Amino acid sequence: MYGKILLALATAPLAVAATAQDVSDQPDRFTVEMTISDNGKVVAEQRMVAVEGEPTFIEVEPAEGQSYRAQLFVSSEANGLLKTRSHWKATSPTLGTISFSPILKVQPGEAARIERGYESRHVKPLRVTYTVHPVAG
């Protein structure tokens with residue numbers, strides 16, 4: 001449906017047996033639901049797990065000459081917000097090859113959106129919309 005989607009997730013080592021203290025020492029995990037659209041067309045919809053402080057990699061190649069690659073980090077802030085930091089490199093049919101590194105602070109479960117490019121009657125920007133949910137555990 002969307003061409004080739006490659007996804008590599010960061011994962012922490014699996015503990016075979018853990019005490020209550022060991023569990024609290026584990027980094028937080030987050031579910032990230034993401035939609036990437038370019039020029040008004042959805043090129044990928046993904047759901048992934050991110051581990052706090054570890055990179056999560058996203059790579060999508062929906063068609064010849066198009067690619068969207070990112071490294072995403074999620075961390076908890078003291079005020080209850082989630083800090084998302086990412087570095088994107090995209091080859092877009094309307095923007096050419098671009099890179100950008102947004103940092104956003106979001107409420108858990110609230111949608112965030114990144115846009116690159118301009119909107120006109122015939123062209124829409126590259127949009128990445130995502131929501132981050134802490135994983136209970």
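As shown above, the structure is provided for reference.
Residues numbered from 1 in each chain as written. Predicted model: local features only at pLDDT ≥ 70, side-chain atom pairs only at ≥ 80, totals over all residues. Heavy atoms only, no water.

### Observations regarding the overall build of the protein chain
Just so we agree on the cut-off: The helix and strand labels rest on DSSP assignments: H or I over at least four residues marks a helix, E over at least two residues marks a strand, and numbering proceeds from the N terminus. Each residue's exposure class comes from its accessible area (1.4 Å probe, protein chains only) as a fraction of the maximum for that residue type: buried when under 20%, exposed when over 50%, partly exposed otherwise. Contact definition: two residues touch when any of their heavy atoms are within 4.5 Å. Here the accessible surface of atoms and residues is derived via Shrake-Rupley with a 1.4 Å probe, and residues count as covered only by protein chains that are part of the display.
Helix and strand counts for the protein chain stand at one helix and 10 strands. Ordered by position from N to C terminus, the α and β elements of the protein chain give β-α-β-β-β-β-β-β-β-β-β. The buried share of the protein chain, taken over its 137 residues, is 34%. Look at the contacts in the protein chain between residues 6 or more apart in sequence, and 45% of them connect residues 24 or more apart. Only carbon and sulfur atoms are counted for the fraction: they give 51% of the accessible area of the protein chain, which is about 8100 Å².

### As for the pattern of salt bridges
Let me state the cut-off plainly: Take a side-chain nitrogen of Lys or Arg and a carboxyl oxygen of Asp or Glu: if they are within 4 Å of each other, that pair is a salt bridge.
As enumerated under the stated definition, the model contains eight salt bridges in all. A salt bridge links Glu77 to Lys105, with the shortest nitrogen-to-oxygen separation between them at 3.3 Å. Taken as a pair, Glu77 in the loop between strand E5 (67-76) and strand E6 (82-92) and Lys105 in strand E8 (residues 103-106) lie far apart in primary sequence, 28 residues in all. Its relative accessible area of 25% is what places Glu77 among the partly exposed residues. The closest approach of N and O atoms between Glu119 and Lys124, which form a salt bridge, is 3.4 Å. Accessibility expressed as a relative area gives 49% for Glu119, which makes it partly exposed. Overlapping salt bridges, with partners in common, bring together Arg113, Glu115, Glu119, Lys124 and Arg127 in one network.

### Side note on the pairing of strand E3 (residues 41-51)
Our working rule: For two strands to be treated as a pair, DSSP must find no fewer than two bridges joining them.
In this sheet, E3 lies alongside strand E2 (residues 29-38) in antiparallel orientation, the contact comprising 10 bridges. Residue pairing in the sheet places Met34 in a bridge with Gln46 of E3. Hairpin connection from E2 to E3: two residues lie between these consecutive antiparallel strands, with Asn39 at a positive phi of about 55 degrees.

### Side note on the nonpolar core
Rule in force here: For this analysis, a nonpolar core means a set of buried residues of the types Ala, Val, Leu, Ile, Met, Phe, Trp, Tyr and Cys, connected via side-chain atoms within 4.5 Å.
Counting 26 residues, the largest nonpolar core has Val32, Met34, Ile36, Ile58, Trp88 and Tyr130 as the members making the most contacts within it. Elements that contribute at least two residues to this core include exactly E2, E3, strand E4 (56-61), E5, E6, strand E7 (96-100), strand E9 (112-116) and strand E10 (126-134). The contacts of Trp88, once residues within four sequence positions are left out, are Met34, Ile36, Arg69, Ala70, Ile98, Ser99, Phe100, Pro102, Ile114 and Val128.

### Details of the environment of Met48
Following the sequence through the fold, Met48 ends up in strand E3. Residues Met48 and Val132, 84 residues apart in the sequence, show an inter-C-alpha distance of 9.8 Å.

### Some thoughts on the sheet that holds E9
Just so we agree on the cut-off: Fitted lines through C-alpha atoms give the axes, limited to the stretch in contact for helices. The angle between two N-to-C directions lies from 0 to 180 degrees.
Taking strand neighbours across the sheet as the criterion, the four strands line up as E3-E2-E10-E9 in an open arrangement whose pairing is antiparallel. In the strand order of this sheet, the two ends are held by E3 and E9, each with one partner. Strand after strand, the sheet turns through a mean of 15 degrees between neighbouring axes, direction not considered. Where E9 and E10 come together, five bridges link them in antiparallel fashion.

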